[in-house]
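Understanding the architecture of this molecule
Each chain, written out:
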Amino acid sequence: GLDNYAAILSSPEFWSALWITIQFTLLVVTSVTVLGVCIALLLNQRFPGRGILRTLILLPWAIPPVVNGLMWQWIYDSKIGALNGLLVGIGFISEYRGWLSDPTSALLALAFADVWNVLPLAVILLLAALQKIPAELYESARIDGAGPVQLFRYVTFPWLAQTLLVVLILETLSAIRVFDVIYVLTAGGPGTATTTVDFD
């Protein structure tokens, strides 16, 4: 009956996992939204190699979540990880560290790995919305003396609003249901620092 629900709601582990899920979701959704808008604005400009860059941006999205997790496991490795090698090489850190063994850095590392995997979808949706904005609106705004900030606020953002809402909904649903990356990288550890609620 309802005893199962009562047991869950009275469990400290459930509330801890729920809080971690909320933190993870906020990190991922905020990062994807901000980066998605910035990258879409960049890819909407004309520059040499734009077509190639638009193609490359899709690659992370094509990688299955488990493979994505295994790839980041190698990157974050505390002994032979590429991230440690890069940061030590440029002098940002003095010695290799275990990114997935520290509770704070583990959650950030998981969020970054998930953002890398799901960001292309947001970029595609936002770029498609940007390309539908009539060029005449920008020309009229520039004639009226609008600068880059005013152009974004009064022309670009209103046209992106509906697409941004779709991106927020999709990325929130994706983030709260993520399992593969977390299981492969930390299995909910260290301890229960990255244990999330499974909504599947």
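Everything below is about the structure printed above this text.
Definitions and cut-offs
Residues numbered from 1 in each chain as written. Predicted model: local features only at pLDDT ≥ 70, side-chain atom pairs only at ≥ 80, totals over all residues. Heavy atoms only, no water. Helix = DSSP H or I, 4+ residues; strand = E, 2+ residues; numbered from the N terminus. Buried < 20%, exposed > 50% of the residue type's maximum accessible area, 1.4 Å probe, protein only. Contact = heavy atoms within 4.5 Å. Areas by Shrake-Rupley, 256 points an atom, 1.4 Å probe, with all protein chains shown as cover. Phe/Tyr/Trp six-rings, centres within 6.5 Å; stacked < 30°, edge-to-face > 60°. Patch = residues over 30% accessible without salt bridge, like charges linked within 9 Å, V, L, I, M, F, W, Y side chains within 5 Å. Salt bridge = Lys/Arg side-chain N within 4 Å of Asp/Glu carboxyl O. 1 Å grid on protein atoms, 1.4 Å probe; cavity = no way out; pocket = protein on both sides within 12 Å on 5 of 7 lines; lining within 4 Å. Points joined across faces, edges and corners; volume = space filled by probe spheres on them. Nonpolar A, V, L, I, M, F, W, Y, C, P; charged D, E, K, R; others polar. Axes fitted to C-alpha atoms, helices over the stretch in contact; angles between N-to-C directions. Core = buried A, V, L, I, M, F, W, Y, C linked by side-chain atoms within 4.5 Å.

1. Quick word on the overall build of the chain
What the chain contains, in helices and strands, is ten helices and zero strands. Start at the N end of the chain and walk to the C end: the helices and strands fall as α-α-α-α-α-α-α-α-α-α. C-alpha extents for the chain along the principal axes are approximately 60 × 55 × 30 Å. Within the span of the chain, comprising 200 residues, buried residues form 35% of the whole. The long-range share in the chain, meaning contacts at least 24 apart out of those at least 6 apart in sequence, stands at 68%. Counting only carbon and sulfur atoms, one obtains 68% of the accessible surface of the chain, whose full area is about 12000 Å².

2. Re unusual backbone geometry
A cis amide bond, omega -5 degrees, links Gly189 with the succeeding residue Pro190. In this fold, Pro190 is placed in the segment after α10 (180–185). Even without a glycine there, the phi angle at Ala187 is positive, about 55 degrees. Taking the relative accessible area as the measure of exposure, Ala187 reaches 55% and is therefore exposed.

3. Here's the deal with the packing of aromatic side chains
Any two aromatic rings considered together are summarised by their centre-to-centre distance and by the angle between their planes. Scanning the entire structure with this criterion turns up six aromatic pairs. On the basis of an interplanar angle of 80 degrees and a centroid distance of 5.4 Å, the ring pair of Trp72 and Phe112 is categorised as edge-to-face. Taken as a pair, Trp72 in helix α5 (residues 65–76) and Phe112 in helix α7 (residues 103–131) lie far apart in primary sequence, 40 residues in all. Judged by its relative accessible area of 8%, Trp72 falls in the buried class. On the basis of relative accessibility, which here comes to 49%, the residue Phe112 falls in the partly exposed class. Between Phe179 and Tyr183, the ring centres sit 5.4 Å apart and the planes meet at 20 degrees, which makes this aromatic pair stacked. Overall, the relative accessible area of 53% leaves Tyr183 in the exposed class.

4. Describing a nonpolar patch on the surface
A cluster of nonpolar residues, Leu42, Ile52, Leu53, Leu56 and Leu59, forms a patch on the protein surface that exposes about 470 Å² of accessible area. With three residues, helix α3 (residues 50–56) is the single largest residue contributor to the nonpolar patch. Structurally, the position occupied by Ile52 is in helix α3.

5. Description of the layout of surface pockets
Estimates place the volume of the largest pocket at around 450 Å³. Among the elements of the structure, α3, α7, α8 (135–143) and α9 (148–176) are those that each provide at least two residues to the lining of the largest pocket. Its residues assigned to classes, the lining of the largest pocket shows eight nonpolar, four polar and five charged.

6. Details of the environment of Ala109
On the secondary structure map, Ala109 appears in helix α7. Spatially, the C-alpha atoms of Ala109 and Phe179 are 14 Å apart, while their sequence positions differ by 70 residues. Here Ala109 is in contact with Tyr76 and Leu100, once residues within four sequence places are set aside.

7. Structural notes on the side chain of Thr163
Along the polypeptide, Thr163 turns up in helix α9. Overall, Thr163 belongs to the buried group, its relative accessible area being 18%.

8. A short note on the packing of α5 against helix α6 (residues 82–89)
In contact at an axis separation of 4 Å, α5 and α6 are set at 35 degrees when each is read in the N-to-C sense. Between α5 and α6, the residues in contact are Trp74, Ile75 and Tyr76 and Ala82, Leu83 and Asn84, respectively.

9. Looking at the nonpolar core
Of all hydrophobic cores here, the largest spans 42 residues; its most connected members are Phe24, Val28, Val32, Tyr76, Leu126 and Leu185. Where this core is concerned, the elements lending two or more residues are α2 (12–43), α5, α7, α8, α9 and α10. Discounting chain neighbours no more than four positions away, the residues touching Tyr76 are Leu83, Asn84, Trp99, Leu100, Ala109, Phe112 and Ala113.

Nothing here speaks to function; it is all geometry.
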